[in-house]
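Structural description and commentary
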Amino acid sequence: MALNVGLLFIKYSLLLFLNVGYFCPMSLEVDEIEFLDDKFRVKTIFVRKTYSFKDIVYWKNYPKLSFAILKTSDKFIYLVNKKDLQPFNVIEAYVLTNINILKNVKDT
């Protein structure tokens, strides 16, 4: 039986593409957010970090997507799943309130 190298290469390339396509979002997805006094702790599969609210560079809640995007000052991007972290509206309100408080303090 002859081995078709081209077909084998296509199969492994497709498998690699699909694995990377699932691994990247899965590794960036937030499993848990814990709020402390003036800080918050983000836990993913591989990373557990504590940030101050002034470290938030970008927060965007897309209405048609099932996640919000959180970007921190160390250039790390987190995907906050709306369905996994309940109550999401309380989490979002707390983050936005603390971001706005810090913006008002910087402006004065």
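Residues numbered from 1 in each chain as written. Predicted model: local features only at pLDDT ≥ 70, side-chain atom pairs only at ≥ 80, totals over all residues. Heavy atoms only, no water.

**Observations regarding the pattern of salt bridges**
Enumeration over the complete set of coordinates arrives at two salt bridges. Linking Arg 41 and Glu 34 is a salt bridge whose minimum nitrogen-to-oxygen distance equals 3.2 Å. Look at Arg 41 and you get partly exposed, because its relative accessible area is 27%. Notably, a salt bridge pairs Asp 74 with Lys 49, separated by 2.7 Å at the nearest N-O pair. With a gap of 25 residues between them, Asp 74 in the loop between strand S5 (67-72) and strand S6 (77-81) and Lys 49 in strand S3 (residues 48-52) connect regions that are remote in the sequence. For Asp 74, a relative accessible area of 33% translates into the label partly exposed. (Salt bridge = Lys/Arg side-chain N within 4 Å of Asp/Glu carboxyl O. Buried < 20%, exposed > 50% of the residue type's maximum accessible area, 1.4 Å probe, protein only. Helix = DSSP H or I, 4+ residues; strand = E, 2+ residues; numbered from the N terminus.)

**Some details on unusual backbone geometry**
Positive phi values are uncommon outside glycine, yet Lys 75 reaches one of about 65°. Tracing the backbone through its elements, the reader meets Lys 75 in the loop between S5 and S6. Judged by its relative accessible area of 67%, Lys 75 is exposed.

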